[in-house]
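An overview of the molecular structure
Below, each chain spelled out in residue letters.
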Amino acid sequence: MAERFAVYRYGILRDGEAPETRYSLAPMQGVGYAGNDEPSDAHPRGNEHADVGRSVPAGHVEAPDGTTISAFEPPTLEIPGRGRVDLSAVIGATAGGTGELGALVRWMPAG
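Described below are features of the structure shown in this document. In this text, all values refer to a predicted model and were calculated from it rather than measured experimentally. (Residues numbered from 1 in each chain as written. Predicted model: local features only at pLDDT ≥ 70, side-chain atom pairs only at ≥ 80, totals over all residues. Heavy atoms only, no water.)

Before going further, it helps to spend a moment on the nonpolar core. In terms of nonpolar packing, the biggest core is built from 15 residues, with Val 7, Val 61, Leu 77, Val 85, Leu 87 and Val 105 touching the most fellow members. Broken down by secondary-structure element, the contributors of at least two residues to this core are strand E1 (3-13), strand E4 (56-63), strand E6 (76-79) and helix H1 (87-90). Here the element with the most residues in this core is E4; it accounts for 3 residues. Discounting residues that sit within four places of it in the chain, Val 61 has contacts with Glu 3, Arg 4, Phe 5, Val 7, Leu 77, Leu 87, Ile 91, Val 105, Arg 106 and Trp 107. (Core = buried A, V, L, I, M, F, W, Y, C linked by side-chain atoms within 4.5 Å. Buried < 20%, exposed > 50% of the residue type's maximum accessible area, 1.4 Å probe, protein only. Helix = DSSP H or I, 4+ residues; strand = E, 2+ residues; numbered from the N terminus. Contact = heavy atoms within 4.5 Å.)

Shown next as structure tokens:
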């Protein structure tokens, strides 16, 4: 049986810039500009004003048994005995690759 994790999407709006879409494994308002488990004030843009939208369900992923959440934002899973996989690449939110671990995770968008 596979582990199943819900994925949520929310937006960040800054004056004069294109909207930025982010993903999380938690149904909450975004945690600030920094992401990557950094406090927002540790990022050069952390204290700048941004409007963070409410999260909405984006879909879910299935991963091998025993997989756990390593980080909520960016959404990262720990696959037992294999390592971590960034779901942003799995769901196509970034141009990065997932390597061999991407084949172990199945993305099912909402809708």
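Once the structure has been displayed, the description carries forward.
With that settled, consider the side chain of Ser 88. Tracing the sequence through the fold places Ser 88 in helix H1. In this structure Ser 88 comes out as buried when scored by relative accessible area, which is 9%.

Here Glu 73 and Pro 74 are connected by a cis peptide whose omega angle stands at -5 degrees. In this fold, Pro 74 is placed in the loop between strand E5 (68-71) and E6.

Overall, the coordinates contain 5 salt bridges when judged by the stated rule. Glu 73 is the partner of Arg 22 in a salt bridge, and the nearest nitrogen-oxygen pair spans 3.4 Å. Of the two residues, Arg 22 sits in strand E2 (residues 20-24) while Glu 73 sits in the loop between E5 and E6, which places them 51 residues apart along the sequence. There is no split in this pair, since Arg 22 and Glu 73 are both buried. Each member of the salt-bridge network shares a partner with another, and the members are Glu 20, Arg 22 and Glu 73. (Salt bridge = Lys/Arg side-chain N within 4 Å of Asp/Glu carboxyl O.)

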